[in-house]
2 protein chains.
Amino acid sequence: MRGAVLYAPGDVRVEQRPDPAIIEPTDAIIRLSATCICGSDLWPYRGVEALDGPAPMGHEYVGVVEEVGGQVTTIRPGQFVVGSFWATDNTCELCRAGYQSACVHRVLMGTLGTQAELARVPLADGTLVVTPDMPDADLIPSLLAASDVLGTGWFGAVSADVGPGKTVAVVGDGAVGLCGVLAAKQLGAERIIAMSRHEPRQRLAREFGATDIVTERGDDGVAKIKELAGGLGAHSVIEAVGTQESMLQAIRSTRPGGHVGFVGLAHDVALPGDELFFSLVHLHGGPAPVRQYLPQLIDLIWDREIDPGKVFDLTLPLEQAADAYRAMDERRAIKALLTP
Amino acid sequence: MRGAVLYAPGDVRVEQRPDPAIIEPTDAIIRLSATCICGSDLWPYRGVEALDGPAPMGHEYVGVVEEVGGQVTTIRPGQFVVGSFWATDNTCELCRAGYQSACVHRVLMGTLGTQAELARVPLADGTLVVTPDMPDADLIPSLLAASDVLGTGWFGAVSADVGPGKTVAVVGDGAVGLCGVLAAKQLGAERIIAMSRHEPRQRLAREFGATDIVTERGDDGVAKIKELAGGLGAHSVIEAVGTQESMLQAIRSTRPGGHVGFVGLAHDVALPGDELFFSLVHLHGGPAPVRQYLPQLIDLIWDREIDPGKVFDLTLPLEQAADAYRAMDERRAIKALLTP
């Protein structure tokens, strides 16, 4: 099969890779209908995360089941499925508590590489969620978004305790931040402030439910959020970047007793304990337990109540993955969908 | 009146200070029945916090109202009252949300100095809670504990989401940590693990409801907590120290999806963002909104259902405050009560 492999920072190649095969009796093999590039794929692409030899890329996926192992009981060949970037048993104590991303048997899909024609999905019964039927083609981007960015933005909003009557600020205008806006809208937020200085992203934020746009950053951005939120700060802030600046901006924009949901993969962040102490905010986040939200998100997409697939503003054949990485790296695209 | 003043690290003197007077029409003057020394008073006493000239000390207090300002409506001379270390209006948006320690009009009692015969209490209507009657003498230490350490330990337990069926670990065996144990018991925790290597404190922890004692610290302490908590870590961890080591110990002892309630005043703490991210814990804490809990805590004490006054294992006349500071500094006393 064809698949994307990162050889060195900036050097993504689509090449012939061995077809995946059932290894564990709980595995499934799926044929991808669509796959995509994640903001987190840019960390090794940019050389910020070290690379240990050529690495198959990608961890987002939707597709049709080709084959299942002997112990798979609920997933059958021919079904259309969506899964998260963690393969999980969905039965252990942590999964049952809603933290599938900490499943005691979890496997990171990124190590398997879903920017490809086929993928092996471990723990298929726990990991995969079957759609009600074969989806119309126009639903596929949204179902693919559910696999990571939508589920991650949703977890950010839940972690930030978004709800009716609340003022929510979103730090980060990437696909996750924009999906955080969408999630905040669905969860009933009264006011949603998107922090963005890029016109196309501002437009999509408004389409997803943002009521206000703040272009300022740092202290000015914090001051602006406070001004919009009764002088006290937002009730809920979704952090979707993962830098020191964005984390502090999120904490400082939140009122005492408010909640920060942080889902940007943290790089070189050290939170000052005294500031966190006196801020009196709640802090929760990490790798999103997307599996928990998938059934609900698939329903919303299936009923055409949400259209998170709009985050894909570039679609290219898998063979042109290198162009897609470049477009995202240069912020010419919010998120690139690849068709195998 | 007589009052304690810190002149330099290690140099506490009880001296003649001017009697406090009503300054704002919302003030009350109280005559202290008892006061005490807080673990946080040891930071400037030890020279860890800088001192800007001689400072009146103390922020914990119970006593009888002597006089009230013209705008005080609910508090009357002759009443026995308990207040928190923040004077607060109890009516602003943050107070109504339960975050009195972030009240927009708050005044830190520590700047006024309650290790004295008399104290001025700003915002008396919002700050002070009247007991049902004049208390029996044996209730006074417990009511004084409610003024800070009990309310702070309670906030730690609430922030750590303590509840029925949960395994709770408490990092720190000072008065706040011990009150955290008591709070966890009251809030219905199934298992309460106190981390302590001091025999008298271990004994009090057991009396307050601890089911297990862990003497190990650092990585060994974390391993022990995990072992006691099903291999996954505690559901709830109360952090009551405020150092880098204790914060990391708390985070690492908590299972993914679990809660850390941190109430130890943070000193030189920098939390690594990536570790926090992948831990998937909830983090909440800060200066406790003790005022929120005072009515409930006073009821529990009045009905003799809890006896947090046991944290006072040394009682001295106010005049001997210097001896009391020394005893706490040298960990010969858990907490010292001073009788004016």
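Residues numbered from 1 in each chain as written. Chains lettered and ligands numbered in written order. Predicted model: local features only at pLDDT ≥ 70, side-chain atom pairs only at ≥ 80, totals over all residues. Heavy atoms only, no water.

1. A word on helix α7 (residues 199-208) of chain A
Residue and element names in this part refer to chain A.
Inference 1: The set of residues buried in α7 consists of Arg201, Gln202, Leu204, Ala205 and Phe208. Each buried residue of α7 sits inside an arc of 165° when the element is viewed along its axis, so together they form one side.
Inference 2: On its buried face, α7 sits against α6 (175-186), β12 (191-195) and β13 (212-214).
Inference 3: Downstream of α7 by a residue or two, Gly209 has a phi angle that is positive, lying close to 130°. (Buried < 20%, exposed > 50% of the residue type's maximum accessible area, 1.4 Å probe, protein only. Helix = DSSP H or I, 4+ residues; strand = E, 2+ residues; numbered from the N terminus. Arc of directions from axis to C-beta. Contact = heavy atoms within 4.5 Å.)

2. Digging into the sheet that holds strand β17 (residues 282-285) of chain B
Inference 1: The strand order across the open sheet formed by twelve strands is β13(A)-β12(A)-β11(A)-β14(A)-β15(A)-β17(A)-β17(B)-β15(B)-β14(B)-β11(B)-β12(B)-β13(B), and the pairing between neighbours is mixed. Since the sheet does not close on itself, it has two edges, and those belong to β13 of chain A together with β13 (212-214) of chain B, each with one partner. Neighbour-to-neighbour, the strand axes of the sheet open up by a mean angle of 20°, direction not taken into account.
Inference 2: Direction of pairing for strand β15 (residues 254-262) of chain A relative to strand β17 (residues 282-285) of chain A: parallel, over a ladder of four bridges. For A:His259, the partnering residue across the bridge sits in β17(A) and is A:His282. (Pairing = 2+ DSSP bridges. Axes fitted to C-alpha atoms, helices over the stretch in contact; angles between N-to-C directions.)

3. Brief notes about the pairing of strand β3 (residues 28-36) of chain B
All names here are of chain B.
Inference 1: Burial of β3 is extensive: seven of the nine residues sit out of reach of the surface.
Inference 2: By the bridge criterion, six bridges tie β3 to strand β5 (residues 62-68) in an arrangement that is antiparallel. The residue of β5 that forms the bridge with Leu32 is Gly63.
Inference 3: Here β3 pairs with strand β9 (residues 118-121) via four bridges, running antiparallel. Bridge assignment links Arg31 to a residue of β9, and that residue is Leu118.
Inference 4: Relative to strand β19 (residues 335-339), β3 runs antiparallel, the two sharing two bridges. Within the sheet, the bridge partner assigned to Cys36 lies in β19 and is Leu337.

4. Here we look at the relation of the copies chain A and chain B
Inference 1: With an RMSD of 0.0 Å, the operation that places chain A on chain B is a rotation of 180° combined with a shift of 0.0 Å along the axis. With respect to symmetry, the two chain copies, as superposed, fit the operation of a two-fold axis.
Inference 2: With an isologous cut-off of 70% or more, the 100% of interface residues of chain A that recur at the interface of chain B puts this contact in the isologous class. (Least-squares fit on C-alpha atoms with pLDDT ≥ 70 in both.)

5. A word on the confidence of the model for chain A
Inference 1: Of the residues in chain A, 100% have a pLDDT of 70 or more, and the chain-wide mean is 97.
Inference 2: Scored as a complex, the prediction yields pTM 0.96 and ipTM 0.96. (pLDDT = per-residue confidence, 0-100.)

6. So, the environment of A:Ala229
Residues and elements named next belong to chain A.
Inference 1: For Ala229, the location among the structural elements is in the loop between α8 (218-228) and β14 (234-239).
Inference 2: Judged by relative accessible area, Ala229 falls into the buried class, the value being 3%.
Inference 3: Ignoring any residue separated from it by four or fewer positions in sequence, one finds Ala229 in contact with Thr167, Ala234 and Arg255.

7. Examining unusual backbone geometry
Residues and elements named next belong to chain B.
Inference 1: Positive phi is not limited to glycine here, since Asn90 has a value of about 65°.
Inference 2: By the element assignment, Asn90 lies in the loop between β7 (86-87) and α2 (93-96).
Inference 3: Of note in the backbone geometry, Leu280 takes a positive phi value of approximately 60° without being a glycine.
Inference 4: Looking at where Leu280 falls in the secondary structure, it is placed in the loop between α10 (273-279) and β17.

8. A word on the pattern of salt bridges
Inference 1: A full pass over the atoms with the stated rule returns 37 salt bridges over all chains.
Inference 2: Note that A:Arg31 and A:Glu66 form a salt bridge whose closest N and O atoms lie 3.0 Å from each other. On the criterion of sequence distance, the pair formed by A:Arg31 in strand β3 (residues 28-36) and A:Glu66 in strand β5 (residues 62-68) is long-range, its members being 35 residues apart.
Inference 3: Residue class for A:Arg31 comes out partly exposed when judged on its relative accessible area of 38%.
Inference 4: With a shortest N-O distance of 2.8 Å, B:Asp27 and B:Arg120 are connected by a salt bridge. Residue B:Asp27 is located in the loop between β2 (11-16) and β3, and its partner B:Arg120 is located in strand β9; the two are separated by 93 residues in the primary sequence.
Inference 5: Shared partners join several salt bridges into a network, and the residues in it are A:Asp136, A:Asp138 and A:Arg304. (Salt bridge = Lys/Arg side-chain N within 4 Å of Asp/Glu carboxyl O.)

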